[in-house]
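Below are the chains, spelled out letter by letter.
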Amino acid sequence: MMFTKRFREGVREGRIICSVRIWKTPRVKPGGVYPMEDGHIVVDSIRQIALADITGELARRSGFDGVVDLLKVAKHGAGTNVYLVHFHYVPPHVPLSPNTGL
C-alpha cells in the first residue's frame, strides 16, 4: 500500500490505521506486508463498503479533512469498488512475523 507524504507521519505514529481505496479489485490482502519508506504496512483486514459508508469521521480517521478530500485521493484508475483497509505500521527495527514471508 502506498501513502502520499502527507499521510506517512500519521501512519508511522499510529494515528492513521485505516484507508479507503476505490479499486476494480482488491490490491492488498489480510496479512500482506507492504514496504513503506522506513518500515512496513501490515494489512489487518479489508472489506468492501458502499460509497455511502464513507462518513466525515471515517475520512478523518483515514487522515483526510473530510469526505470530499478523501474522494479526491481514494480513486485509483477505473475502479468503482470501495474498500476499507485496516492496517498497522511495523518500524524497520521490529522483526516481521515469520508467516509473512519476509
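Residues numbered from 1 in each chain as written. Predicted model: local features only at pLDDT ≥ 70, side-chain atom pairs only at ≥ 80, totals over all residues. Heavy atoms only, no water.

S.K.: Describe the overall build of the protein, and please don't skip the residues or the numbers.
M.R.: What the protein contains, in helices and strands, is three helices and four strands. For a compact globule of 102 residues, the expected C-alpha radius of gyration is about 13 Å, and the protein comes in at 13 Å, within 12% of that figure. Principal-axis analysis of the C-alpha atoms places the extent of the protein at approximately 40 × 25 × 20 Å. For the protein, the proportion of its 102 residues judged to be buried stands at 40%. Approximately 6,000 Å² of the protein is accessible, and the part contributed by carbon and sulfur atoms is 56%. With 14 positive and 9 negative side-chain charges, the protein shows a spacing of 8 Å between the two charge centroids. (Helix = DSSP H or I, 4+ residues; strand = E, 2+ residues; numbered from the N terminus. Rg over C-alpha atoms; globule rule 2.2 N^0.38 Å. Buried < 20%, exposed > 50% of the residue type's maximum accessible area, 1.4 Å probe, protein only. Areas by Shrake-Rupley, 256 points an atom, 1.4 Å probe, with all protein chains shown as cover. Lys, Arg positive; Asp, Glu negative; His and termini not counted. Charge placed at Lys NZ, Arg CZ, Asp CG, Glu CD.)

S.K.: Can you explain the pattern of salt bridges? Please cite residues and give values.
M.R.: Taken as a whole and judged by the stated rule, the model has six salt bridges. One salt bridge in this structure joins glutamate 37 and arginine 12, with 2.9 Å as the shortest N-O distance. With glutamate 37 in the loop between strand E2 (33–35) and strand E3 (40–49) and arginine 12 in helix H1 (residues 5–13), this pair connects stretches of sequence that are 25 residues apart. Arginine 12 sits in the partly exposed class, given a relative accessible area of 32%. Glutamate 57 is the salt-bridge partner of arginine 61, the closest N and O atoms lying 3.6 Å from each other. Of this pair, arginine 61 and glutamate 57 both sit in helix H2 (residues 56–61), four residues apart, roughly one helical turn. Residue arginine 61 is classed as partly exposed on the basis of its relative accessible area of 38%. (Salt bridge = Lys/Arg side-chain N within 4 Å of Asp/Glu carboxyl O.)

S.K.: Account for the nonpolar core, naming residues and giving values.
M.R.: Counting 28 residues, the largest nonpolar core has Phe3, Val11, Val28 and Ile41 as the members making the most contacts within it. Top element by residues in this core is strand E4 (residues 81–90). It accounts for six residues. Discounting residues that sit within four places of it in the chain, valine 11 has contacts with Phe3, Ile16, Met36, Ile41, Phe87 and Tyr89. (Core = buried A, V, L, I, M, F, W, Y, C linked by side-chain atoms within 4.5 Å. Contact = heavy atoms within 4.5 Å.)

S.K.: Requested: an account of the packing of aromatic side chains, with residues and values cited.
M.R.: If you walk through the whole model with that rule in mind, you get three aromatic pairs. Relative to phenylalanine 64, the ring of phenylalanine 7 lies with its centre 4.7 Å away and its plane at 55°, an arrangement referred to as tilted. Pair noted here: phenylalanine 7 is in helix H1 and phenylalanine 64 is in the loop between H2 and helix H3 (67–74), with a separation of 57 residues, a long-range link. We classify phenylalanine 7 as buried; its relative accessible area is 5%. (Phe/Tyr/Trp six-rings, centres within 6.5 Å; stacked < 30°, edge-to-face > 60°.)

S.K.: Residue-level account of the confidence of the model for the protein, with values.
M.R.: With 94% of its residues at a pLDDT of 70 or more, the protein shows a mean pLDDT of 90. At the low end of the mean pLDDT range in the protein sits H3, at 90; at the high end sits E3, at 97. (pLDDT = per-residue confidence, 0-100.)

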